[in-house]
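# Understanding the architecture of this molecule
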Amino acid sequence: MAENKSYTIVEYFGGNDGYRCGYCKNQTGNFSHGMWSHTMTVQDYQDLIDRGWRRSGKYVYKPIMKRACCPQYTIRCHPLKFQPSKTHKKVLKKMNKFICKGELHKGQDDGELMDSVCEEAGPREPNKVCHFDLKCDTNINIKGEAAECPTIVEVQKEVVDATPTGSEMPRMDPVPVAGGRTATTAPKPGIGADPSRPPCRKAKELRKERHLQKQQMRQHADDVSSIVSPDKPTSTQSNQSKTLEEFITSPENPSHPLEVRLVRSNPPSLQFKASFDASYQVYKLYQVAIHKDPPEKPSESQFRRFLCDSPLEAEYSPDGPEMGYGSFHQQYWLDGRIVAVGVIDILPTCVSSVYLYYHPDFASLTLGTYSALREIAFTRQLHKQSPKLTHYYLGFYIHSCPKMRYKGQYRPSDLLCPETYVWVPIERCIPQFSNCRYARLNQDPDAGDAQVLKDLGRALVLYRRTVMPYAAYSRKRKGSSDEGEVRQYAGLVGQECAERILLYRS
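Remember, it's a predicted structure, so these values are computed and weren't measured experimentally. (Residues numbered from 1 in each chain as written. Predicted model: local features only at pLDDT ≥ 70, side-chain atom pairs only at ≥ 80, totals over all residues. Heavy atoms only, no water.)

### A few points about the overall build of the protein
To be explicit about the condition: What counts as a helix is a DSSP run of H or I of at least four residues, what counts as a strand is a run of E of at least two, and both are numbered from the N terminus. Only protein chains enter the calculation, and the probe is 1.4 Å; a residue is then buried if its accessible area is under 20% of its type maximum, exposed if over 50%, and partly exposed in between. Contacts are assigned to residue pairs that have any heavy atoms within 4.5 Å of one another. Each accessible area is a Shrake-Rupley estimate made with a 1.4 Å probe; only the visible protein chains count as cover when residues are assessed.
A count of helical and extended segments in the protein gives 13 helices and 19 strands. For the protein, buried positions account for 50% of its 506 residues. Considering only contacts in the protein between residues 6 or more positions apart, those separated by 24 or more positions represent 74%. Total accessible area computed for the protein in this model is approximately 25,700 Å², and 51% of it derives from carbon and sulfur atoms.

Written out as structure tokens, the structure reads:
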């Protein structure tokens, strides 16, 4: 069993001051609690995101949803039950066509920003953080699994019958008139219907009859096909039975080879270091073109702090994944160069999406959707050797921001109740947002937080490089005025996390 960092060490900061919301642009409408994490175990982070926390670099924050202008609900997808929609298949087909034939339509994608939080929308990092080397060593054993990165395949486009619907009345046959125009002939008064012709029928009845005839013709064709070649499925049957992995299987002899590489970002692997500059250049182009940042804003230091630094150390276990747990960059290499990067965390029970950036020249490939589908397939691969790893976290679902509702299209999915911290199917949540932006989600009025703080004295603190329960710390610091702050922190992380995580006290 490998020896790893087994203590999470954080500094807690309150959330009383509002800051600019990156979604609705309210200057003071966003509120969150925050912690600076010097180091964090993957299990602690898993438990924290299951209580509504999220990381941006080493800063871990929890939105104050009752006060926020745009409440942010943690959302997760069930990859094992996921079936790509028609829209998803269209994106996969578009990518596959480009790989096979090189067809690329210039222009913007569908506007999906596949990130859990863009820096503009995220919280402000604290100014005062302890910069001592706060780390503790001991053993840890967390289960995981190995995986292969799947690739791409063409998707059969489903043909939709374009027959109009409605209850239109039939139009009479037009006849030519002077000047090349046409006019409609009216029946002569007093004569009535022509008895030699069939009775007039409504257009709706005619459409139904045509539709029935088409169905009978298709059925007859299927019967003939099954007699001639009983083992060969129809295109519709083949399309419906395809898995996500089959849709993204790489075609043979592609015009533009696509390779997906998983490189560890913390601690940085040799592959990560070798590709750092190319990756940063793509990020800079993305921020300027897509998020409209001024060219000087996406600096190298900002890129490192935002998307490369992570509190999650590399963790391994004998039955875990070959790459281990922690923070990674999933790089998309096209024709030998990086065109997109998905920042992800591999945790004990999920793959968590952090951010996605791509080269603006490839915006028309809808890389936000494509990368999410690849990460769902990647999660499925990880599950094969680790049954615990069953979910894909997409960050926050923000119903009050229409542009961010697309995350709810990866079904089946759940939203996290902000009060009881239980998962609720998104179909049961959406109706609750019709009346107000904030909703409890859990409909059981008697349900509560299973990890509610019961004993503050058992919460662990790190004081003068010594680990001790808060009860012992408060005795040493007679007259200390930080009990309210510590109680707030412990209530937000929950009793179990408070008893594992070390809260730094100066």
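### Considerations on the environment of Arg-55
Here is the rule: In protein, a polar contact means a hydrogen-donor-capable atom and an acceptor-capable atom, both N or O and within 3.5 Å, with residues adjacent in sequence counting only if both atoms are side-chain atoms; elsewhere, any N or O pair within 3.5 Å suffices.
Here Arg-55 shows up in strand β4 (residues 54-56). Along the backbone, Arg-55 and Met-35 are 20 residues apart, and their C-alpha atoms lie at a distance of 9.3 Å. In terms of polar contacts, Arg-55 uses its side chain to reach the backbone carbonyl oxygen of Gly-57, at 3.0 Å. At a separation of 2.8 Å, a polar atom in the side chain of Arg-55 contacts the side chain of Asp-345.

### A short note on helix α7 (residues 276-289)
Note the cut-off: Under the convention used throughout, the expected extent of a helix is 1.5 Å for every residue step, that is, one less than its residue count. The arc refers to the directions leading from the helix axis to the C-beta atoms.
Between its first and last C-alpha atoms α7 spans 20 Å; for 14 residues at 1.5 Å apiece the expected length is 20 Å, and the two agree. Listed in full, the buried residues belonging to α7 are Phe-276, Ser-279, Tyr-280, Val-282, Tyr-283, Tyr-286 and Gln-287. Viewed along the axis of α7, the buried residues span an arc of 160 degrees, placing them on a single side of the element.

### Let's talk about the sheet that holds strand β19 (residues 502-505)
Basically, it comes down to this: Following DSSP output, two strands are said to pair if at least two bridges run between them. The axes are straight lines fitted to the C-alpha atoms, using for helices just the contacting stretch, and the angles between their N-to-C directions are given from 0 to 180°.
Overall, mixed pairing links the seven strands, which are arranged β4-β5-β3-β2-β19-β17-β18 in an open sheet. Edge positions in the open sheet fall to β4 and β18 (466-469), since each of these has one partner strand only. On average, each strand axis in the sheet is tilted by 35 degrees relative to the strand beside it, whichever way the strands run. Relative to strand β5 (residues 59-63), β4 runs antiparallel, the two being bridged by three bridges.

### Let's talk about the confidence of the model for the protein
As a general rule, the predicted coordinates of low-pLDDT regions are not to be interpreted in detail. We apply this condition: Confidence of the predictor at the level of single residues is captured by pLDDT, which takes values from 0 to 100.
Here the protein shows a mean pLDDT of 82. Residues at 70 or above account for 74%. Overall, residues 1-5 carries pLDDT values under 50, and its contacts beyond four positions in sequence, including any with other chains, amount to 22 contacts. When the criterion is pLDDT under 50, residues 115-121 qualifies, and its contacts beyond four places in sequence or with other chains add up to 37 contacts.

### A look at the packing of helix α2 (residues 86-101) against helix α9 (residues 367-383)
Stated formally: Roughly parallel covers angles under 35 degrees, roughly antiparallel covers those over 145, roughly perpendicular covers 65 to 115, and oblique covers all other angles. Just so you know the grouping, Ala, Val, Leu, Ile, Met, Phe, Trp, Tyr, Cys and Pro go in nonpolar, Asp, Glu, Lys and Arg go in charged, and all remaining residues, Gly too, go in polar.
Interhelical geometry of α2 versus α9 gives an angle of 100 degrees and a closest axis separation of 10 Å. As far as their axial angle goes, α9 and α2 are roughly perpendicular. Residues His-88, Val-91, Leu-92 and Met-95 of α2 form the contact with α9, whose own contacting residues are Leu-367, Thr-369, Tyr-370 and Leu-373. By residue class, the composition of the contact of α2 with α9 is six nonpolar, two polar and no charged.

### Quick notes on the packing of α7 against helix α8 (residues 300-308)
At a minimum axis distance of 11 Å, the contact between α7 and α8 shows a crossing angle of 95 degrees. Taken as axis vectors, α7 and α8 run roughly perpendicular relative to one another. Each of Phe-276, Ser-279, Tyr-280 and Tyr-283 in α7 lies in contact with α8, whose residues at this interface are Glu-300, Gln-302, Phe-303, Arg-304, Phe-306, Leu-307 and Cys-308. In terms of residue class, the contact of α7 with α8 is made up of seven nonpolar, two polar and two charged.

### Description of the packing of aromatic side chains
Quick reminder of the rule: Two rings from Phe, Tyr or Trp (for Trp, the six-membered ring) form a pair when their centres are within 6.5 Å of each other. A pair whose planes differ by under 30 degrees is stacked, one over 60 is edge-to-face, and the rest are tilted.
Evaluated as defined, the whole model comprises 19 aromatic pairs. On the numbers, 5.0 Å between centres and 65 degrees between planes, the contact of Tyr-286 with Tyr-358 is edge-to-face. Pair noted here: Tyr-286 is in helix α7 and Tyr-358 is in strand β13 (residues 350-358), with a separation of 72 residues, a long-range link. Residue Tyr-286 shares its accessibility class with Tyr-358, and that shared class is buried. Seen in terms of ring centroids, Tyr-470 and Tyr-473 are 5.6 Å apart; in terms of plane orientation they differ by 40 degrees. Their pairing is tilted. One end of the pair, Tyr-470, and the other, Tyr-473, are both in helix α11 (residues 470-476), three residues apart, so they sit about a helical turn from each other. By the burial criterion, Tyr-470 is buried, and Tyr-473 matches it.

### A closer look at empty space enclosed by the protein
Using the following cut-off: Note on definitions: the grid is 1 Å and covers protein atoms alone; a cavity is a set of points where a 1.4 Å probe fits but cannot get out; a pocket is an open set with protein on both sides within 12 Å along at least five of seven lines; lining residues have an atom within 4 Å of a point. Grid points are joined across faces, edges and corners, and a volume is the space filled by probe spheres set on the points.
Enumeration according to the criterion identifies three cavities of 30 Å³ or more in this entry. What the largest cavity holds in volume is close to 70 Å³. In terms of lining residues, the largest cavity is bounded by Arg-51, Gly-52, Lys-62, Pro-63, Met-65, Gln-72, Tyr-73, Thr-74, Phe-396, Leu-416, Pro-418 and Tyr-421. Listing elements by their share of the lining of the largest cavity, those giving two or more residues are β5 and β6 (73-77). Tallied by class, residues from the lining of the largest cavity come to seven nonpolar, three polar and two charged.

### Details of the pairing of β6
Of all five residues in β6, five are buried, a share of seventy percent or more. On β6, burial covers both faces: Tyr-73, Ile-75 and Cys-77 on one face and Thr-74 and Arg-76 on the other are all buried. Looking at chain direction, β6 and strand β14 (residues 391-397) are connected through five bridges and run antiparallel. Each bridged residue has a counterpart across the sheet, and for Tyr-73 the counterpart in β14 is Tyr-397. Pairing of β6 with strand β15 (residues 413-416), which is carried by three bridges, proceeds in the antiparallel orientation. Bridging from a neighbouring strand, Cys-77 pairs with Ser-413 of β15.

### Details of the sheet that holds β15
Across the sheet, which stays open at both edges, the eight strands sit in the order β10-β11-β12-β13-β14-β6-β15-β16 with mixed pairing between neighbours. Of all the strands in the sheet, just β10 (258-266) and β16 (423-425) have a single pairing partner and so form its edges. For this sheet the average axis-to-axis angle between neighbouring strands, irrespective of direction, equals 35 degrees. Packed on one face of the sheet, α7 meets β11 (326-334), β12 (337-346) and β13 and runs near 70 degrees to β13.

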